[in-house]
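# Observations on the three-dimensional arrangement
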Amino acid sequence: QVQLVESGGGLVQPGGSLRLSCAASGFTFSSAAMSWYRQAPGKERELVARIGYTGSSTNYADSVKGRFTISRDNARNTVDLQMNALKPEDTAIYYCKALTYYGGNYWGQGTQVTVSS
């Protein structure tokens, strides 16, 4: 079955960095578009970054442009989110999402990121 397992969340001070990773299995990873979403308390889930199946195409939310970088390794079936210059408003649960070649949407269980001094 499809599994997406996020890791790398935690508590970090403003201005700090974190790297999230999502390990995928159960589908053809190299044919799937991958995304990171986040959901803060009391807010709707929002798209943070998206990467195409080859890794050559990326998109970012305006709020994270220049600070976050999404990347993927099709040999290891992983997609990462490097987060720099973190702000308190980046505090949220971060989710990995896969859109497979056949149109299936799958979500991970999420990892908490807290930015606070």
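Structural data are supplied above this passage.
Please read all numbers here as calculations on a predicted model, not as lab measurements.

Cut-off values and rules
Residues numbered from 1 in each chain as written. Predicted model: local features only at pLDDT ≥ 70, side-chain atom pairs only at ≥ 80, totals over all residues. Heavy atoms only, no water. Helix = DSSP H or I, 4+ residues; strand = E, 2+ residues; numbered from the N terminus. Rg over C-alpha atoms; globule rule 2.2 N^0.38 Å. Buried < 20%, exposed > 50% of the residue type's maximum accessible area, 1.4 Å probe, protein only. Contact = heavy atoms within 4.5 Å. Areas by Shrake-Rupley, 256 points an atom, 1.4 Å probe, with all protein chains shown as cover. Lys, Arg positive; Asp, Glu negative; His and termini not counted. Charge placed at Lys NZ, Arg CZ, Asp CG, Glu CD. Disulfide = S-S within 2.5 Å. Pairing = 2+ DSSP bridges. Axes fitted to C-alpha atoms, helices over the stretch in contact; angles between N-to-C directions.

## What about the overall build of the protein chain?
When its secondary structure is counted, the protein chain shows zero helices and eleven strands. Taken over the C-alpha trace, the protein chain has a radius of gyration of 13 Å; the compact-globule value for 117 residues is 13 Å, and the two agree within 12%. With the C-alpha coordinates of the protein chain rotated into their principal frame, the extents come out at 40 × 25 × 25 Å. Out of the 117 residues belonging to the protein chain, those deemed buried represent 41%. Within the protein chain, contacts between residues separated by at least 24 positions form 53% of all contacts whose residues are at least 6 apart in sequence. With the model as given, the accessible surface of the protein chain reaches about 6200 Å², and the carbon-plus-sulfur share is 47%. Averaged over its 11 positive side-chain charges, the protein chain has a centre that lies 3 Å from the centre of its 8 negative ones.

## Observations regarding the state of the cysteines
Scanning the model with the defined rule gives one disulfide in all. Residue pairing for Cys22: its cysteine sulfur links by disulfide to Cys96, the two sulfurs lying 2.2 Å apart. Sign of the S-S torsion, about -80° for the bond between Cys22 and Cys96, identifies this disulfide as left-handed. Of this pair, Cys22 sits in strand β3 (residues 18-25) while Cys96 sits in strand β9 (residues 92-99), and the two are 74 residues apart along the sequence. A relative accessible area of 0% means that Cys22 is categorised as buried. What makes Cys96 buried here is its relative accessible area of 0%.

## Quick word on the sheet that holds β3
Within the open sheet, the four strands sit side by side as β1-β3-β8-β7. Their pairing is antiparallel. The outermost strands of the open sheet, each flanked by one partner alone, are β1 (3-7) and β7 (68-73). Adjacent strand axes in the sheet meet at a mean angle of 15°, parallel and antiparallel pairs treated alike. Two elements, β3 and strand β8 (residues 78-83), share six bridges in a ladder whose sense is antiparallel. Among the inter-strand pairings, Cys22 is bridged to a residue of β8, identified as Val79.

Spatial relationships are all this shows, so hold off on functional conclusions.
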